[in-house]
Amino acid sequence: MSNIQAGTGAVAAVPDLSPVPAIELDGVVKEYLARGETVQAVKGVSLGVAAGEFFSLLGPSGCGKTTTMRMIAGFEDPTRGVVRLHGRDVTDVPPNKRDVNMVFQSYALFPHMSVWENVAFGLRRKKVQDAEIRRRVGAMLEIVDLTGREKRRPREMSGGQQQRVALARALVNEPRALLLDEPLGALDLKLRQAMQLELKRIQREVGITFVYVTHDQGEALTMSDRIAVMNDGLVEQLAAPREIYERPATAFVAGFIGTSNLLSGTVERVVDGTAVLPLAGYGRILAADAACEAGATITVTVRPEKITISTEEPTGDVSAVRGTVSEVVYLGTSNSYAVGLPDGAEVTVYQQNAHDSSTTAERGDSVWLSWQPHHSYAIGS
Amino acid sequence: MKRLTPYLLILPGGLWLVVFLVVPLIFMVSVSTQQGDVVNGFVQTFHIANYTDALGQYRTQFLRSAVYGLVGTVLAILLAYPVAYWIAFRGGARKSTYLLLVLLPFFVSFVLRTVSWKFLLADDGIVFEPLKSAGLLPADFHVLQTTTAVIGGLVYNYLPFMILPIYVALERVDPSVVEAAQDLYASRVAAFARIVLPLSLPGVFAGVLMTFVPMTSDYVNAAILGGPDNTMIGNIIQTEYLVNQDYPVGAALSFTLMAALLVGIFGYARALGTQNVLEAAAR
Ligand SMILES: Nc1ncnc2c1ncn2[C@@H]1O[C@H](COP(=O)(O)OP(=O)(O)OP(=O)(O)O)[C@@H](O)[C@H]1O
Ligand SMILES: [Mg+2]
């Protein structure tokens, strides 16, 4: 949980969608012809990335993240739709004429050039004066902490160092936006976490718009100002991390972002915006701010850590559901319970171990689950 | 036992080389300074003049071979590079088919291929005869027995040896590296010149080794496609051995050629910076 707070802390600074977004996709579709069949990799994506924002594209493998990013960089022509950078239509502009730079997943460093030459490459192509190149490359290598390694060849460096060279090589050009395609994918967990913080620091330092592709939801939640969750070529939800986590717009988002419980029921009545869903003989669900009317069947999500487990029936205006503990997993600081409901559904509950060990339930125990109405979130589909 | 394993591994190949290469080589070194003839036998007299005489007498052919080898190699690079590039980057799923096509001529004997060229390019052959009778070419136009024919044959016969190593080098160039260059404001031309070309140089280097040496010492193309003015040093060596049966002169010529080629190749490697070439190749 703490890492999610870190991510949302930065939100205040951003999503100010100023009239001209740094990057704008307007109804972008990409079709490939593979063995005579048309494959739609991206099925119509429209989104705007604000200047200075840390924006993530999150989604499972094959959902079209890389394709979307390559259309922003100019390596793929959209089949339909428009790409705009700072309001300018760049749909037909080749990559070398676009003021965005990309950090490739494989880094794609130039193997026959030194670190210094790699970083200076873009400035040289832009015919920047030598003295200026020396100054900027030096300063950038300092930012990524590679001073003193200028003469190394890429293959003489560790994965994390290569990653930083790739970052410096892109950032030194001071692009309008930096596109990063799973830049930490090849690193081990420890280095990955260190580099996440590093990336975030560098982004703050240089103030450049970052578009970050990842399929790691934790990474997206901790680092981003906003996240576009993609599935099968479409954006399912575009929102700040906290919103994505706590108020997933679709069942897909709820399932993809962490563990989530999905419960369905029929709305009996709506009181002050709170829907009441009685469950035949084993309790009720209260869902605050559910835009629905009596008689509708809706699905709500509730995060495992929002649920309290107890042996007595809870009182007050809370959701209260009875079930039987089918599994208890000790996770160190918390326990994970799987609780079976009479209708066959299974609910996952995380309970801190810190206080009151009396609430610990055993396998086979009959228990009550409860949570606040605003923690049930009605989802679209 | 463990320490011996590497030696055991190189033993068969090593023995093969010693028996069939080093021993004859030493034997030929000895022959090259002998005097005599086939009928009365050759005697070792340490007659170094075999070398100086041979070099003096056949200087033209030596020079001509070097020029043919050089021109042929340059032409081969110019022809092979685009082919290798196309197969490596545009070949798609059919890459191996295209490579097979490149190798297809190898399924026909080297001599036969060259002879069929002679047939095609004959003064009154199936190509030139119709053109001549149609008045599109002058009646005395000919290709056979010219420098063009010999160099053409050399390039044709050794082209695959240039295509393959260049292809292998290009194939190893990560396409995302080229994209990275374009992303960093390099035009297509600049991305090729600064990234693809330098990364493929080890392949060109290997191709030059594999074509320049056999082209320079070739004798089949000059014998079949060339005339008296196109004689190469390979033809002279062949004649000395097989026709004149003057083994010492033949051997002396061979070693002179070998030395010249070695010097040439090492000079070339140095000029190109072996360190870089080998390093890049070892990637
Ligand atoms: N050049 C291509 N030709 C045909 N189909 C392609 C091509 N590139 C991508 N696709 C298809 O488009 C879809 C989206 O691919 P994309 O690479 O954008 O996914 P991704 O979200 O980046 O996945 P990953 O997380 O695995 O990198 C996939 O189904 C893929 O098979
Ligand atoms: Mg991808």
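Parameters and conventions
- Residues numbered from 1 in each chain as written.
- Chains lettered and ligands numbered in written order.
- Predicted model: local features only at pLDDT ≥ 70, side-chain atom pairs only at ≥ 80, totals over all residues.
- Heavy atoms only, no water.
- Salt bridge = Lys/Arg side-chain N within 4 Å of Asp/Glu carboxyl O.
- Helix = DSSP H or I, 4+ residues; strand = E, 2+ residues; numbered from the N terminus.
- Buried < 20%, exposed > 50% of the residue type's maximum accessible area, 1.4 Å probe, protein only.
- Domains from an automatic or database assignment.
- Contact = heavy atoms within 4.5 Å.
- Buried area = accessible area lost by both parts, 1.4 Å probe.
- Core = buried A, V, L, I, M, F, W, Y, C linked by side-chain atoms within 4.5 Å.
- Pairing = 2+ DSSP bridges.
- Right-handed = clockwise from strand over helix to strand, strands pointing away.
- Near = heavy atom within 4 Å.
- Polar contact = N/O pair within 3.5 Å; in protein donor to acceptor, adjacent residues only side chain to side chain.
- Areas by Shrake-Rupley, 256 points an atom, 1.4 Å probe, with all protein chains shown as cover.
- Nonpolar A, V, L, I, M, F, W, Y, C, P; charged D, E, K, R; others polar.
- 1 Å grid on protein atoms, 1.4 Å probe; cavity = no way out; pocket = protein on both sides within 12 Å on 5 of 7 lines; lining within 4 Å.
- Points joined across faces, edges and corners; volume = space filled by probe spheres on them.
- Axes fitted to C-alpha atoms, helices over the stretch in contact; angles between N-to-C directions.

Participant: Account for the pattern of salt bridges, with residues named and values stated.
Facilitator: Tallied over the entire structure, the rule returns 18 salt bridges over all chains. For E31(A), the salt bridge identified is with R80(A), shortest N-O distance 3.6 Å. With E31(A) in strand 1 (residues 23–34) and R80(A) in strand 4 (residues 80–85), the pair connects residues that are 49 residues apart, well separated along the chain. The class of E31(A) is partly exposed, set by a relative accessible area of 25%. The closest approach of N and O atoms between R70(A) and E76(A), which form a salt bridge, is 3.1 Å. Residues R70(A) and E76(A) agree in their burial class; the two are buried. Sharing partners across several salt bridges, the network here consists of K30(A), R70(A), E76(A) and E179(B).

Participant: Kindly report on the domain arrangement of chain A, identifying the contributing residues and their values.
Facilitator: Residues and elements named next belong to chain A. Here the domain parsing of chain A yields domain 1 (23–253) and domain 2 (259–379). In this structure, domain 1 and domain 2 have C-alpha centres spaced 40 Å apart. If you look at the interface, domain 1 gives 8 residues, while domain 2 gives 9 residues. Here domain 1 and domain 2 share an interface that buries about 820 Å² over both sides, 47% of which is from carbon and sulfur atoms. When residues of domain 1 are sorted by the area they lose upon contact with domain 2, Y245, R247 and P248 head the list and together hold 62% of the total. Our enumeration of links across domain 1 and domain 2 arrives at 1 salt bridge.

Participant: Describe the nonpolar core, and please don't skip the residues or the numbers.
Facilitator: Counting 85 residues, the largest nonpolar core has I23(A), F110(A), L179(A) and L253(B) as its most contacted members. When residues in this core are grouped by element, the largest group, 11 residues, is from helix 7 (residues 147–171) of chain B. In contact with I23(A), not counting residues within four places along its chain, are L47(A), G48(A), V49(A), I72(A), R84(A), L85(A), A177(A), L179(A) and V211(A). Y107(A), V119(A), V144(A) and M195(A) belong to the second-largest nonpolar core, a separate cluster that totals 33 residues.

Participant: Could you give an account of the pairing of strand 7 (residues 177–181) of chain A, with specific residues and numbers?
Facilitator: Residues and elements named next belong to chain A. Judged by how many residues are buried, strand 7 sits mostly within the fold: 5 of 5 residues are covered. Every second residue of strand 7 is oriented toward a common face, with A177, L179 and D181 on one face and L178 and L180 on the other, all of them buried. Looking at chain direction, strand 6 (residues 100–103) and strand 7 are connected through 4 bridges and run parallel. In the sheet register, V100 faces strand 7, and the bridge partner there is A177. Pairing of strand 7 with strand 8 (residues 209–214) involves 5 bridges; the strand directions are parallel. Bridge pairing links D181 to V213 in strand 8. Note that the unit made of strand 7, helix 6 (residues 189–206) and strand 8 has a crossover that is right-handed.

Participant: Tell me about the site of ligand 1, and name the residues and values.
Facilitator: All names here are of chain A. In the vicinity of ligand 1, the residues found are Y32, A41, P60, S61, G62, C63, G64, K65, T66, T67 and E182. The backbone of G62 places a nitrogen or oxygen atom 2.7 Å from an oxygen atom of ligand 1. Here an oxygen atom of ligand 1 and a side-chain polar atom of E182 are 3.3 Å apart. Look at ligand 1: alone it shows 640 Å² of surface, and the protein chains cover 62% of it. Ranked by residues supplied to the shell around ligand 1, first place goes to helix 2 (residues 65–73) with 3 residues. Here the residues of the shell around ligand 1 sort into 4 nonpolar, 5 polar and 2 charged.

Participant: Could you give me a rundown of the layout of surface pockets, with the residues and numbers involved?
Facilitator: Residue and element names in this part refer to chain B. The computed volume of the largest pocket comes to approximately 560 Å³. Forming the walls of the largest pocket are 24 residues, and the residues nearest its centre are Y85, R90, V178, Q182 and R188. Elements with a contribution of two residues or more to the lining of the largest pocket: helix 3 (59–90), helix 7, helix 8 (175–183) and helix 9 (188–216).

Participant: Help me get a handle on the interface of chain A and chain B, residues and values and all.
Facilitator: Opposite the 27 residues of chain A that make contact, chain B presents 19 residues. Counting the surface lost from both chain A and chain B, the interface buries some 2000 Å², and carbon and sulfur atoms represent 61% of this. Its largest share of buried area at the contact with chain B, chain A owes to N96(A), H112(A) and R125(A), together 28% of the area lost on that side. Our count for the chain A to chain B interface comes out at 1 salt bridge. Where R70(A) meets E179(B), a salt bridge forms, and the shortest distance between an N and an O atom there is 2.7 Å. At the boundary of chain A and chain B, one finds 7 residue pairs in polar contact (both at pLDDT 80 or more). When residues of the side of chain A that touches chain B are traced back to their parent elements, those giving at least two are helix 2, strand 6, helix 3 (115–125) and helix 5 (159–171) of chain A.

Participant: How would you summarise the sheet that holds strand 7 of chain A if you had to cite specific residues and measurements?
Facilitator: In a beta sheet, neighbouring strands pair by backbone hydrogen bonds and run either parallel or antiparallel. Residue and element names in this part refer to chain A. The 6 strands lie next to each other as 6-7-8-3-9-10, forming an open sheet whose pairing is mixed. In this open sheet, the two strands that pair with only one neighbour each are strand 6 and strand 10 (234–239). Taking each pair of neighbouring strands and ignoring which way they run, the sheet shows an average axis angle of 20 degrees. In this structure, strand 9 (residues 226–231) lies alongside strand 10, joined through 5 bridges in antiparallel fashion. Each residue of the ladder has a partner; that of V229, found in strand 10, is Q237. Most of the contacts of helix 2 go to strand 7, to which it runs at about 150 degrees, and overall it touches strand 3 (54–58), strand 6, strand 7, strand 8 and strand 9.

Participant: I'd like a rundown of empty space enclosed by the protein, residues and numbers included.
Facilitator: It is the rolling of a water-molecule-sized probe over the atoms that shows where space remains empty. Residues and elements named next belong to chain A. Here the structure, examined in full by the defined rule, presents 1 cavity of 30 Å³ or more. Taken as a whole, the largest cavity spans an internal volume of roughly 50 Å³. Lining the largest cavity are E246, T301, V302, R303, K306, H374 and H375. Among the residues making up the lining of the largest cavity, the classes are represented as 1 nonpolar, 3 polar and 3 charged.

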